[in-house]
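Residues per chain are reported as follows:
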Amino acid sequence: MSAEDEVSALPLEDAKAELDRLHALIERADKAYFQKDAPEISDADYDAAKRRYIAIETEFPELRRPDSLAERVGAPPAEGFAKVRHAVPMLSLSNAFDDQDVADFVARARKFFERDKGLELAFTAEPKIDGLSASLRYERGVYVRGATRGDGTEGEDITENLRTIGDIPNRLAGSGWPDVLEVRGEVYMTHADFAALKARSAAEGGQDYVNPRNTAAGSLRQKDASVTASRNLKFFAYGWGEISAPIAPTQYDSVRQFGDWGFVVNDLMMRTSSVEAMLEHYRTIEAQRATLGYDIDGVVYKLDRLDLQQRWGFVARAPRWAIAHKFPAEQATTILNDIDIQVGRTGTLTPVARLQPVTVGGVVVENATLHNEDYIAGRDSTGASIRDGNDIRIGDTVIVQRAGDVIPQIVAVLLDKRPADAVPYEFRTTCPVCGSEAVREVNPKTGKLDARRRCTGELICPAQSVEQLKHFVSRNALDIEGLGEKQIAAFHADGRVTQPADIFTLARRDAESLKKLKDQEGWGETSVKKLFAAIDARRAPELDRFIFALGIRHVGETTAAMFAKAFGTFAAFRDTAYKAGNGDEEAYGALVGIDGIGDTVVQSVASFFANERNEKAIDALLAEVTPRSYVVTVAADSQVAGKTVVFTGTLERMTRTEAKAMAERLGAKVAGSVSAKTDLVVAGPGAGSKLKQAESLGIAVISEDEWFDLTGQS
Ligand code: IVH
């Protein structure tokens with residue numbers, strides 16, 4: 001029976017009462033969804049309420065209210081926030097977990113600049129604020145736009161929300177700022193404001209707030225900026241994006257300058273040239289952590305001189321010239337109730353500890369990773385001990401540890417609390433999902449048994465195929481809004497999506513299906529429309545993301561980006577990899593010739609593309625999506641942009657790493673060996689076979705000095 005049929009049978013009075021009730025319900029749901037970012041009813045229930053509301057109004061036009069919601073049907077306020085592209089990407093930081101990592105960082109810097117005789121390197125050290133980064137754009141000293149970090153390249157326009165923050169000036173103070181100035185920093189909430197909000201909400205029976213960081217994030221993404229204003233957020237300035245003129249020659253002075261222009265800067269920032277002083281400052285900040293009044297999760301060190309920062313450059317998504325020294329993880333003691341085995345994307349069997357729930361650093365932990373079979377046994381396959389050499393048994397009292405957003409892990413067993421009847425854990429040798437044999441391979445490089453056991457079922461294993469799909473849509477891969485792990489799992493279970501291509505044919509198949517998605521639990525007309533639009537929006541993914549999304553073993557984000565950069569198009573990459581997988585040595589050579597790519601990766605890529613099942617899956621996918629070509633945006637006008645360069649022999653004015661960084665900054669590709677694809681060889685004294693090879697292929701050879709002239713860097 002349709003909503004309309006039932007409605008015609010209603011007495012007028014009942015119809016009026018129901019219309020009023022629905023009006024209130026819909027208004028409340030709209031508010032929760034669009035203003036609080038916290039839906040209170042499912043999309044399906046919402047759609048049903050809306051349909052009935054309209055049915056009643058249509059049947060009883062006399063009951064139509066002046067503030068009718070009918071016109072608003074299917075027209076919720078614009079989807080989320082507008083997108084903002086960051087002219088200068090917002091990067092993340094590499095991590096240091098102990099003093100040695102910090103010493104290594106400083107040593108790397110000294111090594112990189114070792115040719116610059118007598119140069120003393122200074123570093124800044126400042127707290128790492130546990131909030132959310134934001135970018136604020138000022139034009140001629142006036143605040144014009146504010147954005148979230150988003151994925152680093154594209155964030156959300158939250159100009160008005162950021163404007164409500166007292167620490168963010170609407171007009172810059174002082175003078176001398178560049179015409180275009182993007183100030184970057186961290187939005188955060190103090191402990192006091194968090195506690196007050198939590199108490200207020202509890203008194204009103206409102207939502208619970210987990211921690212200051214998430215609350216600050218939620219507060220910033222309010223549709224109604226007056227809600228943001230009521231949260232009293234704060235902001236520390238520590239960096240910058242696009243600037244039309246230099247601010248100062250160093251990190252330290254630039255941040256000082258921000259202070260003069262009216263920003264709040266952290267007063268725990270200092271500058272030094274010694275590792276000892278950096279570490280001492282880390283301990284000073286750590287000691288103050290509990291009394292600072294806001295959350296910090298470490299200390300950030302940055303190379304001070306900006307010209308040197310530029311020379312040292314970046315890796316994938318983080319600068320080489322900065323590092324975050326994280327505070328140690330937090331621990332608690334609890335009981336190991338059980339061990340479950342999960343099957344990952346590449347078939348790895350991962351043991352998961354089911355724990356007696358315990359609070360670790362303010363978060364309730366119920367599950368932790370046990371890594372692998374050897375980790376549970378406390379010994380590796382050669383008998384060497386792991387941790388203290390003790391095995392972990394169900395029933396044991398264990399120490400669980402959390403470090404930042406890392407998955408909690410079991411780090412020790414308290415043997416004196418072990419129950420008398422506890423038995424050693426026996427790791428299964430078959431896949432718990434598909435029953436295939438699960439094996440431990442011998443690592444060809446080390447000759448040692450791999451610590452991980454792997455299901456041999458590949459795509460016939462439902463666990464592997466669903467994990468592949470989850471990876472495909474994950475944040476750093478295709479990143480399809482509204483299509484997360486939960487939805488993929490459901491679509492996989494009901495057969496809607498069994499391979500990546502199916503995601504893109506979903507809408508077409510749904511149109512013809514009798515079992516429409518909008519009628520399924522948890523879905524409604526609006527949410528399905530949104531999902532299909534989000535899928536369509538990803539039909540031309542960036543090449544590096546696309547390669548990463550394929551889930552090729554050993555091809556992480558950085559490696560995927562290297563391939564994207566080296567080949568420019570998916571067709572070129574696939575073609576070479578396919579040939580390499582079918583015994584073509586030149587193609588194999590082209591792959592291992594890419595600087596930073598080794599045999600393990602190339603073998604994995606080659607066998608991936610040579611596999612017929614993968615070939616079919618990729619063809620089906622390419623019928624639906626067209627990966628974009630990789631465009632090198634850095635210094636496209638430089639003499640060497642787009643060229644493939646090989647450095648050989650002894651370099652006298654720069655280290656090999658610096659040479660590579662410089663070439664890449666100028667848009668060149670750096671290869672490790674000379675081939676017909678090489679455009680230029682830079683040869684220093686002592687150059688041997690590569691130089692000969694270049695000469696025999698008729699490739700241009702220049703000296704190091706000529707390289708500096710050519711690139712205008714001398
Ligand atoms: S500098 C290019 N300094 O940490 C380097 N980041 O893990 C950009 N963060 O996304 C970051 N305090 O949100 C920097 N004093 C600080 C920071 C800081 C917090 C955050 C920032 C960044 C994340 C990276």
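Treat the numbers as computed from the prediction; the structure is a model and nothing was measured. (Residues numbered from 1 in each chain as written. Predicted model: local features only at pLDDT ≥ 70, side-chain atom pairs only at ≥ 80, totals over all residues. Heavy atoms only, no water.)

Chemist: How do you make sense of the nonpolar core when you look at a structure like this?
Modeler: Buried together is how nonpolar side chains tend to be arranged in soluble globular proteins. Residues Ile503, Phe563 and Phe609 are the most contacted members of the largest nonpolar core, which totals 52 residues. By residue number, the principal contributor to this core is helix 21 (residues 599-610), which donates six residues. Aside from chain neighbours lying at most four places away, what touches Phe609 is Leu550, Ile552, Phe570, Phe573, Arg574, Ala577, Tyr578 and Ile618. With 32 residues, the next largest nonpolar core counts Phe105, Leu279, Trp321 and Ile323 among its residues. (Core = buried A, V, L, I, M, F, W, Y, C linked by side-chain atoms within 4.5 Å. Buried < 20%, exposed > 50% of the residue type's maximum accessible area, 1.4 Å probe, protein only. Helix = DSSP H or I, 4+ residues; strand = E, 2+ residues; numbered from the N terminus. Contact = heavy atoms within 4.5 Å.)

Chemist: How do you make sense of the packing of helix 19 (residues 570-581) against helix 20 (residues 585-592) when you look at a structure like this?
Modeler: Helix 20 packs onto helix 19 with a crossing angle of 125° between their chain directions and a minimal axis gap of 7 Å. In terms of axis orientation, helix 19 runs oblique to helix 20. As helix 19 runs across helix 20, the sense of the crossing is left-handed. Where helix 19 abuts helix 20, its residues Phe573, Thr576, Ala577, Lys579 and Ala580 lie against Ala587, Tyr588, Ala590 and Leu591. Counted by class, the contact of helix 19 with helix 20 contains seven nonpolar, one polar and one charged residues. (Axes fitted to C-alpha atoms, helices over the stretch in contact; angles between N-to-C directions. Parallel < 35°, antiparallel > 145°, perpendicular 65-115°, else oblique. Left-handed = near helix turned anticlockwise from the far one by under 90°. Nonpolar A, V, L, I, M, F, W, Y, C, P; charged D, E, K, R; others polar.)

Chemist: I'm lost on the sheet that holds strand 23 (residues 680-683) in this one. Help?
Modeler: Strand order in the open sheet formed by four strands is 22-21-23-24, with parallel pairing between adjacent strands. This sheet does not close on itself; its edge strands, each paired only once, are strand 22 (669-670) and strand 24 (700-702). One ladder, built from four bridges, connects strand 21 (residues 644-648) with strand 23; its direction is parallel. If you follow Val646 over to strand 23, its bridge partner there is Val681. Together, strand 21 and strand 22 form the strand contacts of helix 23 (residues 656-665), whose direction differs from that of strand 21 by roughly 165°. (Pairing = 2+ DSSP bridges.)

Chemist: Explanation requested: unusual backbone geometry in the structure shown.
Modeler: Excluding glycine, most residues fall at negative phi; most peptide bonds, likewise, are trans. The phi dihedral of Arg140 is positive, around 50°, even though this residue is not glycine. Residue position: Arg140 is located in the loop between strand 4 (132-139) and strand 5 (142-148). Taking the relative accessible area as the measure of exposure, Arg140 reaches 63% and is therefore exposed. The residue Asn232 is not glycine, and still its phi comes out positive at about 55°. With respect to the element layout, Asn232 can be found in the loop between helix 8 (225-230) and strand 8 (234-243).

Chemist: Explain the packing of aromatic side chains here, please?
Modeler: Two aromatic rings, taken as a pair, are described by how far apart their centres are and by the angle between their planes. Taken as a whole and assessed by the stated rule, the structure comprises 25 aromatic pairs. Ring centres of Phe647 and Trp707 lie 5.2 Å apart, and the angle between their planes is 80°; on these two criteria the pair is classed as edge-to-face. Here Phe647 is found in strand 21, whereas its partner Trp707 is found in helix 25 (residues 704-710), with 60 residues between them in sequence. With a relative accessible area of 5%, Phe647 lands in the buried category. Through pairs of rings, three or more aromatic residues link up here, namely Phe546, Phe563, Phe567, Phe570, Phe573, Phe608 and Phe609. Across from the ring centre of Tyr375, 4.5 Å away, lies the NZ or CZ of Arg387, which sits over that ring. The cationic tip of Arg653 hangs over the ring face of Phe708; the distance from NZ or CZ to the ring centre is 3.8 Å. (Phe/Tyr/Trp six-rings, centres within 6.5 Å; stacked < 30°, edge-to-face > 60°. Lys NZ or Arg CZ within 6 Å of the ring centre and 35° of its normal.)

Chemist: Would you mind going over the site of the ligand with me for this structure?
Modeler: The local shell around the ligand holds 14 residues, among which Glu126, Ile129, Glu186, Tyr238 and Lys302 are the closest. One nitrogen or oxygen atom from the side chain of Glu126 is found 2.7 Å from a nitrogen atom belonging to the ligand. For the ligand, whose unbound accessible area comes to 520 Å², protein coverage reaches 85%. Looking at the shell around the ligand, the elements with two or more residues in it are strand 3 (123-129) and strand 10 (296-303). Per-class residue counts for the shell around the ligand are seven nonpolar, two polar and five charged. (Near = heavy atom within 4 Å. Polar contact = N/O pair within 3.5 Å; in protein donor to acceptor, adjacent residues only side chain to side chain. Areas by Shrake-Rupley, 256 points an atom, 1.4 Å probe, with all protein chains shown as cover.)

Chemist: Is there a simple way to explain the packing of helix 19 against helix 22 (residues 612-622) in this structure?
Modeler: The relative placement of two packed helices comes down to the angle between their axes together with the axis-to-axis distance. Orientation of helix 19 relative to helix 22, taken along the N-to-C sense of each, is 170°, at an axis distance of 14 Å. Between helix 19 and helix 22, the angle falls in the class roughly antiparallel. For the element pair helix 19 and helix 22, the recorded crossing hand is left-handed. In this structure, helix 19 contributes Phe570, Arg574 and Tyr578 to the contact, and helix 22 contributes Glu615, Ile618, Asp619 and Leu622.

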